[in-house]
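Working through the structure, step by step
Each chain, letter by letter, is given below.
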Amino acid sequence: MRVVLGIESSCDETAAALVREDRTVLAQRIASQDEEHRPYGGVVPEIAARAHAERLAPLIAATLADAGMELSDVDAVAATAGPGLIGGVMVGLVSAKALAMAGEKPLIAVNHLEGHALSPRLADASLNYPYLLLLVSGGHCQLLEVQGLGQYRRLATTIDDALGEAFDKTAKILGLGYPGGPAVERLAREGDAKKVRLPRPLLGTQEPHFSFAGLKSAVLRAKENQCRPGLDPGPLAVDSEANSNRPAVPGQARDDEYSDADIAASFQQAALDCVLDRTRRALEAAGDVTALVVAGGVAANQAIRAGLEKLAAEHGLPFVAPPLALCTDNAAMIGWAGMERLMRQDFTPDALDFAARPRWPLDPDAAPVRGAGVKA
Ligand code: KG4
Ligand code: ZN
């Protein structure tokens, strides 16, 4: 059976994996850079690129050793060639080119988003095309009809922030550190999602696009108002009918005060409401699909998973979400995307000339979205 070596370096995880065509992940290693980026509250591209350059070669060697394999046992090398932080992508792609040349193996240039999009098929052999995919990560927030290998119809994208970015910014506002998504989810479990009234941007609009910048600003306002007990937190901040007409008593604690956990829970609920409304709309806009699928780092969020599972059931569709380790950036998904392309002999034959791409939309024909700061 064929084996592909997958390499991922597009953001802040340096990763390598060996994936066999029967969907067995023979070995995989991930070196996270959380410690390097934590002091800055986000990924610093230059630091990321250096860390990838230092770690990738030994990581690949260790992954091969874990599986008791050598480069000669591998049938192809697949590396993320974009989109992502260009320095990191170049490190991974150049390393893959060197290995492919030295080992005389085909090189498969993989779109990182295709890695996420196909990761549920690595985890679940019964998942067939076409499926509706909600792709939610730190850099991307899209609804895609996955019609086949390399055939993607983008139904929606974000007009400003990605969902993972909104989680990370909320974490920053609440002083939870980086990466923020898991920390916000943990804190939200202790909070009351009805305590802080937050907006649901674009809810109910015809096209299923996303917007999270306004939600983030409202979280910031809620946090600022929380620090001034006795002041009226304003119409956006507190959703408590019983308290809304009470005069604020300066300096005195009011029983409509809310904790950081309440902010986290209210934020997560607002985000979930947006995700469900937008995905419902996309299900109406898509053709017949076999399943509702979620992928990308935010797919690790249990509340979002549970909401989507219910939505899928309402539409009589199976819900497919990869295991947590396949949701956040990893090389197994890159290896698997490479494997799907190797099995179909559907990859750029001259990939040694392939230049790393900071942007690489899955659906190049998708119409641009009106709004500021459009992301691919
Ligand atoms: O796919 P990924 O590892 O990297 C990108 O390609 O962006 O996604 C990382 C993003 C981060 O924004 C992180 O905060 C978010 O996924 N994330 C979560 C959770 N785990 C990771 N967001 C919400 N809840 C989580 N449990
Ligand atoms: Zn990713």
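Everything here concerns the structure above.
Let me sum up the structure you'll find in this document. (Residues numbered from 1 in each chain as written. Chains lettered and ligands numbered in written order. Predicted model: local features only at pLDDT ≥ 70, side-chain atom pairs only at ≥ 80, totals over all residues. Heavy atoms only, no water.)

Details of the coordination of the zinc ion (ligand 2)
All of the protein donors around the zinc ion (ligand 2) are His112 (NE2), His116 (NE2) and Asp329 (OD); their distances to the metal are 2.0 to 2.2 Å. Of note is the zinc ion (ligand 2), whose four donor atoms meet at the metal with angles of 92 to 149 degrees in an arrangement that counts as irregular. The sequence pattern formed by the donor residues of the zinc ion (ligand 2) is H-x3-H-x212-D. Note that His116 is positioned in helix H4 (residues 112-123) and Asp329 in the loop between helix H11 (324-327) and helix H12 (332-343), a separation of 213 residues in sequence. (Donors = N, O, S within 2.8 Å, 3.2 Å for Na, K, Ca; no water. Tetrahedral: all angles 85-135°; square planar, octahedral: opposite > 155°, others 65-115°. Helix = DSSP H or I, 4+ residues; strand = E, 2+ residues; numbered from the N terminus.)

Concerning empty space enclosed by the protein
For the structure on display, the rule yields one cavity of 30 Å³ or more. Computed from the structure, the largest cavity encloses a volume of approximately 30 Å³. Lining of the largest cavity is provided by Gly41, Asp168, Lys172, Gly177 and Tyr178. Looking at the lining of the largest cavity residue by residue, the class counts come to one nonpolar, two polar and two charged. (1 Å grid on protein atoms, 1.4 Å probe; cavity = no way out; pocket = protein on both sides within 12 Å on 5 of 7 lines; lining within 4 Å. Points joined across faces, edges and corners; volume = space filled by probe spheres on them. Nonpolar A, V, L, I, M, F, W, Y, C, P; charged D, E, K, R; others polar.)

Focus on the sheet that holds strand E9 (residues 292-295)
Taken in spatial order, the five strands make up an open sheet running E8-E7-E6-E9-E10, and their pairing is mixed. Every other strand in the sheet has two partners, leaving strand E8 (151-156) and strand E10 (319-320) as the edge strands with one partner each. (Pairing = 2+ DSSP bridges.)

Examining the layout of surface pockets
Its volume calculated, the largest pocket comes out at about 1,400 Å³. Every residue lining the largest pocket is counted, 45 residues in all, and those nearest its centre are Cys11, Ser137, Gly138, Gly139 and Asp168. Listed by contribution, the elements that provide at least two residues to the lining of the largest pocket are H4, helix H5 (163-173) and helix H6 (180-188). The biggest single contributor to the lining of the largest pocket is H5, with six residues.

Focus on the nonpolar core
Core analysis: the biggest nonpolar cluster contains 51 residues, and Leu132, Leu163, Phe267 and Leu308 have the highest contact counts within it. A per-element tally of this core places helix H9 (residues 260-285) first, with 13 residues. Beyond its immediate stretch of four places on either side in the chain, Phe267 contacts Ala166, Phe167, Thr170, Val184, Leu198, Leu215 and Val219. Grouped together as the second largest cluster of nonpolar side chains are 35 residues, Leu113, Leu118, Tyr152 and Ala295 included. (Core = buried A, V, L, I, M, F, W, Y, C linked by side-chain atoms within 4.5 Å. Buried < 20%, exposed > 50% of the residue type's maximum accessible area, 1.4 Å probe, protein only. Contact = heavy atoms within 4.5 Å.)

Section: the site of ligand 1
Close to ligand 1 lie 18 residues; Gly138, Asp168, Gly181, Glu185 and Asp329 are nearest. The side chain of His112 places a nitrogen or oxygen atom 3.4 Å from an oxygen atom of ligand 1. For ligand 1, a nitrogen atom lies 2.7 Å from a polar atom in the side chain of Glu185. In isolation ligand 1 offers 560 Å² of accessible surface; the protein chains occlude 90% of this area. (Near = heavy atom within 4 Å. Polar contact = N/O pair within 3.5 Å; in protein donor to acceptor, adjacent residues only side chain to side chain. Areas by Shrake-Rupley, 256 points an atom, 1.4 Å probe, with all protein chains shown as cover.)

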